[in-house]
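Reading the structure
The lines below spell out each chain.
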Amino acid sequence: MGGRLGANAIALPGGTIILTDQLEALAKNDDELAGVLAHEIGHVEHKHSLRQLYRAFGMAFMIGVIGGDSGQVVEDVVANAALLDTFSYSRSFETESDIHSVEVMMKAGRDPMAFVDLLDSILKSHDLDPEKSDTGWLSSHPGNKDRRASVQAQIDQIKAAQ
Ligand SMILES: [Zn+2]
């Protein structure tokens, strides 16, 4: 899996998480992949994909989804939306998922910042400078300096509460 998705991670409404081969190839260690996975699980747990679909397609579509056994249809729609670069999470969804990742990784005794390093690697693979790029990564995941700062703040907050 990859192609137009490039190095990417996507959470589908049914809970399926796609990590592309290109993403795995960029990861320098298991913590980087585990952190991205925990971030994507955050999107699933907060039902971000469904909320995003609702925003994009409206009530009639959601009634069709809820009324029918259309899990596969939904997954196809989301996969296509991702391919068309129209499936981008809002900044607040990203922050919620980042917090989820930090919490899970710290609980597991793993490096909670590792996934941000992987985002840097992705930016660099697109010839973008992580220090300067604001919306650099593929549309679903803006990765940047601000994100590193906010993840660090979350880590500090959890440490202070321990
Ligand atoms: Zn995300």
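Placed above this text is the structure.
Residues numbered from 1 in each chain as written. Predicted model: local features only at pLDDT ≥ 70, side-chain atom pairs only at ≥ 80, totals over all residues.

Things to note about unusual backbone geometry
One can expect most non-glycine residues to show negative phi and most peptide bonds to be in trans. The phi dihedral of Lys47 falls on the positive side, at around 55°, and the residue is not glycine. Residue placement: Lys47 occurs in the loop between α2 (30-45) and α3 (48-67). Residue Lys47 is classed as partly exposed on the basis of its C-beta count, with 14 C-beta atoms lying within 10 Å. (Helix = DSSP H or I, 4+ residues; strand = E, 2+ residues; numbered from the N terminus. Buried ≥ 20, exposed ≤ 12 C-beta atoms within 10 Å, placed from the backbone.)

Details of the nonpolar core
In terms of nonpolar packing, the biggest core is built from 20 residues, with Leu23, Leu26, Phe115, Leu118, Leu119 and Ile122 touching the most fellow members. If you list the elements that add at least two residues to this core, you get β1 (9-11), α1 (21-26), α2, α5 (91-107) and α6 (114-125). Sort the elements by how many residues they give to this core and α6 lands first, with 7 residues. (Core = buried A, V, L, I, M, F, W, Y, C linked by C-beta atoms within 7 Å.)

Some points on α2
The end-to-end C-alpha distance of α2, which contains 16 residues, comes to 22 Å, matching closely the 22 Å that a straight helix rising 1.5 Å per residue would cover. For α2, the full list of buried residues reads Glu32, Gly35, Val36, Ala38, His39, Glu40, Gly42 and His43. Taken from the residues just after α2, Lys47 is the one with a positive phi, measuring 55°. (Expected span 1.5 Å × (residues − 1).)

Digging into the packing of α2 against α5
Where α2 contacts α5, the axes come no closer than 7 Å and their chain directions differ by 125°. The angle between the axes of α2 and α5 places the two elements in the oblique class. At the point where α2 passes α5, the crossing takes the right-handed sense. Judged by residue contacts, Ala34, Gly35, Ala38, His39, Ile41, Gly42, His43 and Glu45 of α2 engage Phe93, Glu96, Ser97, Asp98, His100, Ser101, Val104 and Met105 from α5. Looking at the contact of α2 with α5 residue by residue, the class counts come to 6 nonpolar, 7 polar and 3 charged. (Axes fitted to C-alpha atoms, helices over the stretch in contact; angles between N-to-C directions. Parallel < 35°, antiparallel > 145°, perpendicular 65-115°, else oblique. Left-handed = near helix turned anticlockwise from the far one by under 90°. Contact = placed C-beta atoms within 7 Å. Nonpolar A, V, L, I, M, F, W, Y, C, P; charged D, E, K, R; others polar.)

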